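What follows is the residue order along each chain.
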Amino acid sequence: MVEALSLTPDELLSTTRTVRRRLDLTRPVEREVIEDCLRLAQQAPSGSNSQKWHFVVVTDGSRRAELGQLWRKGAERYLALAESDPQPSQDERLLDSVRHLAAHIHEVPVHVIPCVNGRTDGEAAFVQAGRWASIMPATWSFMLAARTRGLGTAWTSFHLPYERDAAGILGIPYDEVMQAALIPVAYTIGGSFKPARRRELDTMAHWDAW
């Protein structure tokens, strides 16, 4: 059994980072640990009484390799755009971490793909918001639960331009189910993470009006 990290709620919320470089690519992740995290994800607030979502957990090496190829294509497109920007808006350290994960995504021992029933392609924003309002809290709960067990995660979406291809690899019924992300999951190299530097609160908080 994996011993849970001793974190206060505030420490958990402020140190659950996007982990790309510090994923341990050599250590297997036990199925029961993933299942514990998924059980906690089931307790997340839901936009309706029925949980119309799923998690596809991918541990098979050949499937991870195929998904990795799709993910890498999306990452390469993102990096090409970022690198061609005459006034870079992305931190170079961030881009380096994306490059690192792109090179190793197929080696990450677990890929978790959160999915939601029903496609909303081309629908109005309020329809989109309602559909994503359940799977996103559930996925964040999964990621928090993973953090307490020494696992690192990252919310990524680079494979989604090739969602239909990913659906074919995994047998997901594309016309009925949308994929929300691909979450790489692995034990972290070292367990200490610090809160990130963020902008002053008054640059993003609006009271009563914009």
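Going by the structure above, here's the rest.
Being a predicted model, the structure only gives us computed values, none of them experimental.

Enquirer: Describe the overall build of the protein chain, naming the residues involved and giving the relevant values.
Expert: Counting its secondary structure elements, the protein chain contains 6 helices and 5 strands. Reading the helices (α) and strands (β) of the protein chain from amino to carboxyl end gives α-α-β-α-α-β-α-β-α-β-β. Taking 210 residues into account, the globule formula puts the C-alpha radius of gyration at 17 Å, and the protein chain, at 18 Å, falls close to it. Across its three principal axes, the protein chain shows a C-alpha extent of roughly 50 × 40 × 40 Å. Excluding contacts between residues fewer than 6 apart, the proportion of contacts in the protein chain whose partners are at least 24 apart in sequence is 82%. Total accessible area on the protein chain is roughly 12,400 Å²; 52% of this is exposed by carbon and sulfur atoms.

Enquirer: Explain the packing of helix α3 (residues 61–84) against helix α6 (residues 163–170) to me, using residue names and the numbers behind them.
Expert: Each pair of packed helices gets described by two things: the angle between the helix axes and the distance between those axes. Contact pair α3 / α6: the axes reach a minimum separation of 10 Å and the direction vectors enclose 175°. Classified by the angle between their axes, α3 and α6 sit roughly antiparallel to one another. The segment α3 lies against α6, with Arg63, Glu66, Leu67 and Leu70 engaging Asp165, Ala166, Ile169 and Leu170. Classifying every residue of the contact of α3 with α6 by side-chain character gives 5 nonpolar, no polar and 3 charged.

The rules behind these values
Residues numbered from 1 in each chain as written. Predicted model: local features only at pLDDT ≥ 70, side-chain atom pairs only at ≥ 80, totals over all residues. Heavy atoms only, no water. Helix = DSSP H or I, 4+ residues; strand = E, 2+ residues; numbered from the N terminus. Rg over C-alpha atoms; globule rule 2.2 N^0.38 Å. Contact = heavy atoms within 4.5 Å. Areas by Shrake-Rupley, 256 points an atom, 1.4 Å probe, with all protein chains shown as cover. Axes fitted to C-alpha atoms, helices over the stretch in contact; angles between N-to-C directions. Parallel < 35°, antiparallel > 145°, perpendicular 65-115°, else oblique. Nonpolar A, V, L, I, M, F, W, Y, C, P; charged D, E, K, R; others polar.

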